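A structural walkthrough
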Amino acid sequence: MNREYKYMITSRQMKTKLSINYYYSVQILCKEECDSRFRVVYCKSFNKQDPDALEKASHHLSQMIKIYF
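These remarks concern the structure in this document. (Residues numbered from 1 in each chain as written. Predicted model: local features only at pLDDT ≥ 70, side-chain atom pairs only at ≥ 80, totals over all residues. Heavy atoms only, no water.)

Here we look at the packing of aromatic side chains
To keep things clear, this is the line we draw: Between 30 and 60 degrees the pair is tilted, below 30 it is stacked and above 60 it is edge-to-face, where a pair is any two Phe, Tyr or Trp rings, Trp via its six-membered ring, whose centres lie within 6.5 Å. Lysine and arginine charges are scored as sitting over a ring when NZ or CZ, respectively, is within 6 Å of the ring centre and within 35 degrees of the ring normal.
Inspection of every chain in the model, using the stated rule, returns zero aromatic pairs. Its guanidinium or amino end placed over the ring of Phe-38, Lys-6 lies 4.6 Å from that ring's centre, counting from NZ or CZ. Lying across the ring of Tyr-24, Lys-48 places its NZ or CZ 4.7 Å from the centre.

What about the pattern of salt bridges?
In plain terms, the rule: Each salt bridge in this description consists of a side-chain nitrogen of Lys or Arg and a carboxyl oxygen of Asp or Glu lying within 4 Å of one another. Summary of the burial criterion: residues with accessible area below 20% of their type's maximum are buried, those above 50% are exposed, and those between are partly exposed, where the area comes from a 1.4 Å probe applied to protein chains only.
Under the counting rule described, the total for this entry stands at three salt bridges. Salt-bridge contacts for Arg-39 lead to Asp-35; the nearest nitrogen and oxygen are separated by 3.5 Å. Take Asp-35: its relative accessible area is 19%, and that puts it in the buried class. Linking Lys-56 and Asp-50 is a salt bridge whose minimum nitrogen-to-oxygen distance equals 2.7 Å. Its relative accessible area of 27% is what places Asp-50 among the partly exposed residues.

Description of the nonpolar core
Stated formally: Grouping buried Ala, Val, Leu, Ile, Met, Phe, Trp, Tyr and Cys residues that are joined through side-chain atoms within 4.5 Å yields what is termed a nonpolar core. Numbering of helices and strands starts at the N terminus; helices are DSSP runs of H or I of at least 4 residues and strands are runs of E of at least 2. Working rule for contacts: check all heavy atoms of both residues, and any pair within 4.5 Å makes them a contact.
With seven residues, the main nonpolar core is built from Val-26, Ile-28, Phe-46, Ala-53, Ala-57, Leu-61 and Met-64. For this core, the elements supplying multiple residues, two or more each, are strand 2 (20–32) and helix 1 (53–68). No other element matches the four residues that helix 1 contributes to this core. Residues in contact with Val-26, not counting those within four places in the same chain, are Met-8, Ile-9, Tyr-42, Cys-43, Lys-44, Phe-46, Ala-57, His-60 and Leu-61.

Concerning the pairing of strand 2
Put simply, the test is: For two strands to count as paired, DSSP must find a minimum of two bridges between them.
Across 13 bridges, the pairing between strand 1 (residues 3–15) and strand 2 is antiparallel. Residue pairing across strands places Tyr-7 opposite Ile-28, the latter belonging to strand 2. Adjacent in sequence and paired antiparallel, strand 1 and strand 2 are bridged by four residues. With eight bridges connecting them, strand 2 and strand 3 (residues 39–47) associate as antiparallel partners.

See the structure below:
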């Protein structure tokens, strides 16, 4: 079965009753031949309050690319 993958780092926010939290999210998406859309295969978030969050997200994405691609 033929699979097509996409990967990305996105900026996300999560609202709660008390606050709004901001994250960098590492996502791997997969679309198989019979699918009409991409589905999330893997997702991990890094809190933006950490000053190294974007660097950690980029490093984590490079590790996931080695696994999935």
